[in-house]
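# Architecture at a glance
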Amino acid sequence: MDTLAIRSIKAGMAYFALVFGAGFVLGALRVPFLVPRLGERMAELIEMPFMLVVMVMAARFIVRRFGLPGIAPARLGVGLLALALLLGAEVLLAVMLQDRTLGEYVASRDPVSGAVYLAMLALFAAMPLLLVRVA
């Protein structure tokens, strides 16, 4: 493997870890403090802008830290690897820890906050590429 491929894999793993870690912390705050007062939908929607800031900061960091070139395949590959890791972790947590099937987990998502979440996943995957002019 060439050095760019190795850097890209490390960058994807780091990007996943940073965003997943922040999401885990925010979720640990959201569930006990916001959900009982505002409901699941509002609590998730309130969390989304914070996650967007985390995604931008994490993507900017990994692009600089790993010296990712401004070419689309390299940056999109990093984002897609991070997305695959994120979806794998989420499915694992939903199925294993919450004792649900994948179908039950998907069906339990709120239609409004779930749709915004899907858009956020697309942004998460694309963010290293979208920052090509910024970083």
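Residues numbered from 1 in each chain as written. Predicted model: local features only at pLDDT ≥ 70, side-chain atom pairs only at ≥ 80, totals over all residues. Heavy atoms only, no water.

### Some details on the packing of helix H1 (residues 3-38) against helix H5 (residues 111-130)
- Put simply, H1 and H5 touch, their axes get as near as 12 Å, and they point 130 degrees apart. Taken together, the axis directions place H1 and H5 in an arrangement best described as oblique. When the axes of H1 and H5 are compared, the crossing they make is right-handed. Where H1 approaches H5, its residues Tyr15, Phe16 and Val19 are matched on the opposing element by Phe124, Met127 and Pro128.
- When the residues that make up the contact of H1 with H5 are grouped by side-chain class, the tally is 6 nonpolar, no polar and no charged. (Axes fitted to C-alpha atoms, helices over the stretch in contact; angles between N-to-C directions. Helix = DSSP H or I, 4+ residues; strand = E, 2+ residues; numbered from the N terminus. Parallel < 35°, antiparallel > 145°, perpendicular 65-115°, else oblique. Left-handed = near helix turned anticlockwise from the far one by under 90°. Contact = heavy atoms within 4.5 Å. Nonpolar A, V, L, I, M, F, W, Y, C, P; charged D, E, K, R; others polar.)

### Quick word on the packing of helix H3 (residues 72-97) against H5
- At a minimum axis distance of 6 Å, the contact between H3 and H5 shows a crossing angle of 145 degrees. Remark: the crossing between H3 and H5 carries right-handed chirality. Facing H3, whose interface residues are Ala72, Arg75, Leu76, Val78, Gly79, Leu80, Ala82, Leu83, Leu86, Leu87 and Glu90, H5 presents Tyr117, Leu121, Phe124, Ala125, Ala126, Pro128 and Leu129.
- For the contact of H3 with H5, the class distribution of residues is 15 nonpolar, 1 polar and 2 charged.

### Observations concerning a nonpolar patch on the surface
- Together, Leu38, Met42, Ile46 and Phe50 line one region of the surface with nonpolar side chains, adding up to about 360 Å² of accessible area.
- Looking at the nonpolar patch element by element, the count peaks at 3 residues for helix H2 (residues 40-65).
- Inspection of the secondary structure puts leucine 38 in helix H1.
- Judged by relative accessible area, which is 42%, leucine 38 ranks as partly exposed. (Patch = residues over 30% accessible without salt bridge, like charges linked within 9 Å, V, L, I, M, F, W, Y side chains within 5 Å. Areas by Shrake-Rupley, 256 points an atom, 1.4 Å probe, with all protein chains shown as cover. Salt bridge = Lys/Arg side-chain N within 4 Å of Asp/Glu carboxyl O. Buried < 20%, exposed > 50% of the residue type's maximum accessible area, 1.4 Å probe, protein only.)

### Structural notes on the nonpolar core
- Judged by nonpolar contacts, the single largest core of 26 residues is most densely connected at Ala11, Tyr15, Val19, Met55, Ile62, Leu68 and Phe124.
- Elements represented by at least two residues in this core include exactly H1, H2, H3 and H5.
- A per-element tally of this core places H2 first, with 8 residues.
- Look past the residues within four positions of leucine 68 in its chain and what remains in contact with it is Ser8, Ala11, Ile62, Val63, Arg75 and Val78. (Core = buried A, V, L, I, M, F, W, Y, C linked by side-chain atoms within 4.5 Å.)

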